[in-house]
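Tertiary structure, described
Here is how the chains run, residue by residue.
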Amino acid sequence: MINTIQAKRGSPTIEEIQEEDDFRKLARTKYRYFRRYIDAKFKEGPHNLLLAKELEQVELYLCTRGKEGNGRLIVEMPPQHGKTTDIARKFPSWVIGRNPWVHVGIVSYGADLADKHSAAIRDIVLSNEFRNLFGSYSMAADPVMLSDDSASKSDWSLALPHEGSCLSRGIGGGLSGNPLDLLIIDDPTKDIEDGRSEIHQKKLENWFDSVAMARLSEYGVCIIDHTRWDPNDLIGQILKRMASNDPNIDQWKVIHLPALALEEDEYPQTDEDYWNNLSNGVFIPKGGDQLGRKPGQALFTYRYSQGHIEKTKATIEAKSPYTFASVYQQLPRPFSGGMFDAKDIREEDAKILNPDWTWVCYIDVALGKNKRSDFNAGCIETISPESGDVIVRDMLRVRELDKFLKLLKLWMLKDENKKVLWGIEDVAFQSLAFQNFWTDPTLATVAMMKFPVPEGSKQDRAMNLSLRAKEGHLVIIKNPVWNQPFKNQLMAFPFDSHDDIVDSASGGLYILAKYSKPKREARSYQG
């Protein structure tokens, strides 16, 4: 700050020198003051203060080698509220100044974004403000400075005698070299399409386990912040692990700050509610808002007024309440008000099933689309004559049509599916796709029939299923492979980019209503 004073009006006064000295001491020891020292324009909100407090605990864990502080931190905040600047740029600079032996790794969905973060840290280390605190202007015995041969803005190291360094990578990139002491994963997913892609989710999970965490030193720390896209995104996967009660699983500290504070009844009232949320990939703190806000109160009114956030909410929800709930509220599913809510879908064991019930499967094919552009799906279901529950006991879902048809044939021939009535829409595309099914002698005993496309919009056709779900009569049989994708799509409908599962489950009710008693001529469409 002295440099700024001198530039304005010459030599500083004794009082100004003392004030500057006091500020530097605070900035060296407390991250919130460091943040203000290197950026005089920085404006703090209550959420910034909470974040600074938790980041200081991460640094404490690092410098005490795990004896104090917290080594695992997840940050959930809306976009443009300063979390990336704080976590991926300013905080690593402060850590390097205080602990110049630290090896930092910055990872984002793309290498270009990660490189920008690494370059920003490098620029801070080269700044006069940093030099005042930890570098050549600080009178430190071994000032923290950039190595002369660190020309790269992505991978660079400190000058001797310090061994600290910083590297940046995109997701999927290698993290070779020294073990990392501070790993920051900032926005590992580019957009909602990737965020809700099962392929991307699995790829990210594998990378996190086999590459990212494997590179951490024994007392290394990790911070993850990203937009919540899906209950099974990276944060969601970690939350589900936390709910497993495995003592060897890391228990992460979570900062959960939605754009608008939740209503009182949305916070978990019991430990069971809290752990159930975690098992569904959602974190909601017990005891209310972490900043003590009143229900509906905006997070950062200095930058985004209450009215602006409420207008944003109304605009987005008019098209997609799922998006606002996920991106702004950090709740990657609509908690209420959709055609299907999480509480509407009940999971049961297979022991409730009776093979003599009438079982049907509506085949939903990606009509007229590229073979790899959308999913093809089928749900085997029934209505229990005892409880009236719609029970979905199995699901097949494949993007590539040729592969789907091959697996569907094998599915039809399974012993447990011999009594299933298979429904195929009587439209030109499906008739062509299933032409070989009608003439295949191995399927001679399989009950298949064509039927006209149900009338109305997709929402109209899903209404009966939704109404039964709202009355507590929608059950899925426990299966770790397909249960979560099934629930995800129903909860996002009709705003999700995919609706194949909803179409199949809704169509099954149509078949049950119209054709639940197949006649002997059910295969009369052959040939």
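Check the entry above for the structure.
All values reported here derive from a predicted model rather than from experimental measurement. (Residues numbered from 1 in each chain as written. Predicted model: local features only at pLDDT ≥ 70, side-chain atom pairs only at ≥ 80, totals over all residues. Heavy atoms only, no water.)

The seven strands lie next to each other as E8-E14-E11-E10-E9-E12-E13, forming an open sheet whose pairing is mixed. Only two strands of the sheet have a single partner each, and these edge strands are strand E8 (345-348) and strand E13 (447-451). Averaged over neighbouring strand pairs, the angle between their axes works out to 30 degrees when direction is ignored. The pairing of strand E12 (residues 420-425) with E13 spans five bridges and is classified as parallel. Within E13, the position partnered with Glu 425 by the bridge is Phe 451. Here helix H18 (residues 483-492) sits on the sheet and contacts E8, strand E10 (376-383), strand E11 (390-398) and strand E14 (474-477); the angle it forms with E14, its principal contact strand, is near 155 degrees. (Pairing = 2+ DSSP bridges. Helix = DSSP H or I, 4+ residues; strand = E, 2+ residues; numbered from the N terminus. Axes fitted to C-alpha atoms, helices over the stretch in contact; angles between N-to-C directions. Contact = heavy atoms within 4.5 Å.)

In this section: the environment of Pro 452. When you line up the elements, Pro 452 lands in the loop between E13 and helix H17 (458-470). Exposure remark for Pro 452: the relative accessible area of 46% places this residue in the partly exposed category. Separated by 265 residues in sequence, Pro 452 and Asp 187 have C-alpha atoms that sit 45 Å apart. (Buried < 20%, exposed > 50% of the residue type's maximum accessible area, 1.4 Å probe, protein only.)

Before going further, it helps to examine the environment of Glu 56. Examined against the element boundaries, Glu 56 turns out to sit in helix H4 (residues 46-63). With 100 residues separating them along the chain, Glu 56 and Trp 156 place their C-alpha atoms 24 Å apart. At a separation of 2.9 Å, a polar atom in the side chain of Glu 56 contacts the main-chain amide nitrogen of Tyr 31. (Polar contact = N/O pair within 3.5 Å; in protein donor to acceptor, adjacent residues only side chain to side chain.)

Ordered by their spatial adjacency, seven strands build an open sheet running E3-E4-E2-E5-E6-E1-E7, and the pairing between neighbours is mixed. In the strand order of this sheet, the two ends are held by strand E3 (156-157) and strand E7 (253-256), each with one partner. Strand direction decides the pairing type here: strand E1 (residues 72-76) and strand E6 (residues 216-225), joined by four bridges, are parallel. Across the sheet, residue Val 75 finds its bridge partner in E6, namely Asp 225. The sheet strands contacting helix H10 (residues 234-242) are E1, strand E5 (180-186), E6 and E7, and the helix crosses E1 at an angle near 130 degrees.

Side chains that are three or four residues apart share a direction in an α-helix, a result of its 3.6 residues per turn. Taking 1.5 Å per residue, 16 residues should reach 22 Å; helix H6 (residues 111-126) reaches 22 Å between its end C-alpha atoms and fits that length. Among the residues making up H6, those that are buried are Ala 114, His 117, Ser 118, Ala 119, Ala 120, Ile 121, Arg 122, Ile 124 and Val 125. (Expected span 1.5 Å × (residues − 1).)

Within a pair of aromatic rings, the relevant descriptors are the distance that separates the centres and the angle that separates the planes. A complete count under the given rule lists 18 aromatic pairs for this structure. Ring geometry for Phe 451 against Tyr 510: centres 5.7 Å apart, planes inclined by 45 degrees, an arrangement best described as tilted. Of this pair, Phe 451 sits in strand E13 while Tyr 510 sits in helix H19 (residues 500-515), and the two are 59 residues apart along the sequence. Centre to centre, the rings of Trp 482 and Phe 486 are 5.9 Å apart; their planes meet at 75 degrees, and the pair counts as edge-to-face. Residue Phe 486 is classed as buried on the basis of its relative accessible area of 0%. One aromatic cluster is present, formed by Tyr 31, Phe 34, Phe 91, Trp 94, Phe 130 and Phe 134 through successive ring pairs. (Phe/Tyr/Trp six-rings, centres within 6.5 Å; stacked < 30°, edge-to-face > 60°.)

Attention now goes to helix H14 (residues 401-412). Relative to the 16 Å expected for 12 residues at 1.5 Å per residue, H14 spans 16 Å between its end C-alpha atoms, a close match to the ideal helical length. When H14 is considered as a whole, its buried residues turn out to be Leu 401, Phe 404, Leu 405, Leu 408, Trp 411 and Met 412. Down the axis of H14, the buried set is contained in an arc of 120 degrees. They therefore lie on one face. The exposed set on the far side of H14, more than 90 degrees from its buried face, consists of Lys 406 and Leu 410. (Arc of directions from axis to C-beta.)

Residue placement: Asn 99 occurs in the loop between helix H5 (83-98) and strand E2 (103-108). Setting aside chain neighbours within four positions, we find Asn 99 in contact with Glu 59 and Cys 63.

Moving on, we get to the environment of Thr 315. Mapping Thr 315 onto the fold places it in helix H12 (residues 306-317). For Thr 315, a relative accessible area of 55% corresponds to the exposed category. Thr 315 sits 265 residues away from Leu 50 along the chain, and the two C-alpha atoms are 29 Å apart.

Each neighbour pair has its own omega, and for Leu 160 with Pro 161 the value is 15 degrees, a cis peptide bond. If you trace the backbone, Pro 161 turns up in the loop between E3 and strand E4 (165-170). For Asp 187, which is not glycine, the phi dihedral falls at a positive 50 degrees. Along the chain, Asp 187 falls in the loop between E5 and helix H8 (192-195).

So, on to the packing of H10 against helix H11 (residues 271-279). Packing of H10 against H11 brings their axes to within 7 Å, and their N-to-C directions diverge by 135 degrees. The pairing of H10 with H11 is recorded here as oblique in orientation. Contacts between H10 and H11 involve Leu 239, Lys 240 and Met 242 on the former and, on the latter, Trp 275, Leu 278 and Ser 279. Of the residues assigned to the contact of H10 with H11, the class counts are four nonpolar, one polar and one charged. (Parallel < 35°, antiparallel > 145°, perpendicular 65-115°, else oblique. Nonpolar A, V, L, I, M, F, W, Y, C, P; charged D, E, K, R; others polar.)

What follows deals with the state of the cysteines. This structure, assessed with the given rule, holds zero disulfides. Distance from the sulfur of Cys 63, which forms no disulfide, to the nearest cysteine sulfur (Cys 222) is 18 Å. The closest cysteine sulfur to the non-disulfide-bonded Cys 361 is located on Cys 379, 6.8 Å from its own sulfur. (Disulfide = S-S within 2.5 Å.)

So, on to the nonpolar core. By size, the foremost hydrophobic cluster in this structure holds 43 residues, and its most contacted members are Phe 34, Leu 55, Phe 91, Trp 156, Leu 182 and Ile 223. The dominant element in this core, judged by the number of residues it contributes, is H4, at seven residues. (Core = buried A, V, L, I, M, F, W, Y, C linked by side-chain atoms within 4.5 Å.)

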